[in-house]
Amino acid sequence: MSEADDSAFQRGAGLNPLPQSQPAPPSRPVVAFNRRELDTILRLYGRMVADGEWRDYAMDLLKDKAVFSVFRRSSEMPLYRIEKDPKLSRRQGAYSVVAAGGMILKRGHDLAQVLRVLEKKKHLRLVDA
């Protein structure tokens, strides 16, 4: 090695070595919809999209609850929020449907039963022949 190479090597020796990987901080548990719950919600969503009622959705997975929001237009506030809050599972039920104004339309332990509040009412009409 020449003197120039030797001095360059010594200058590099003073640099900090690559940072060693720190262990990742423990992740916070996130509440999420399981496959069956999501299937039930998306079936309702698909029917409402086919009827032209809903056009967009968003899912928020927070540390204390999971929220599925449905929109008529994506630029507006959500029409309804379908929420899963495990802290309420032993009391009023983990599932709830919340309207745009914040009013809870239905709450319960069974997701399918709670989602029935969003089903369109089918009225029978008498038609003259």
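Residues numbered from 1 in each chain as written. Predicted model: local features only at pLDDT ≥ 70, side-chain atom pairs only at ≥ 80, totals over all residues. Heavy atoms only, no water.

> What should I look at first to understand the nonpolar core in this one?
Most often, soluble globular proteins have nonpolar side chains that are buried together. If you look at the biggest cluster of nonpolar residues, it comprises 19 residues, and the most contacted ones within it are Ile41, Trp54, Phe68, Ile82, Leu115 and Leu118. Sorting the residues of this core by element identifies α2 (35-50), β2 (66-71), β4 (95-99) and α3 (111-115) as the ones contributing at least two each. Ranked by residue count, the leading element in this core is α2, at four residues. Residues in contact with Leu118, not counting those within four places in the same chain, are Leu44, Met48, Trp54, Tyr80, Ile82 and Val97. (Core = buried A, V, L, I, M, F, W, Y, C linked by side-chain atoms within 4.5 Å. Buried < 20%, exposed > 50% of the residue type's maximum accessible area, 1.4 Å probe, protein only. Helix = DSSP H or I, 4+ residues; strand = E, 2+ residues; numbered from the N terminus. Contact = heavy atoms within 4.5 Å.)

> Hey, could you run me through the pattern of salt bridges in this one?
Pairs can form between side chains of opposite charge whenever their charged atoms are close. Scanning all chains against the criterion turns up five salt bridges. Between Asp39 and Arg43 there is a salt bridge, and its shortest N-O distance comes to 3.1 Å. Placement of the pair is Asp39 and Arg43 together in helix α2, with a separation of four residues, close to one helical turn. A network of salt bridges, in which partner residues are shared, links Lys65, Arg81 and Glu83. (Salt bridge = Lys/Arg side-chain N within 4 Å of Asp/Glu carboxyl O.)

> Can you walk me through α2 in this structure?
Because each turn of an α-helix spans 3.6 residues, side chains separated by three or four positions in sequence point in the same direction. Over its 16 residues, α2 extends 22 Å from the first C-alpha to the last, a length consistent with the 22 Å expected when each residue adds 1.5 Å. Next to the buried residues of α2 lie β1 (56-61), β2, β3 (80-84), β4 and α3. (Expected span 1.5 Å × (residues − 1).)

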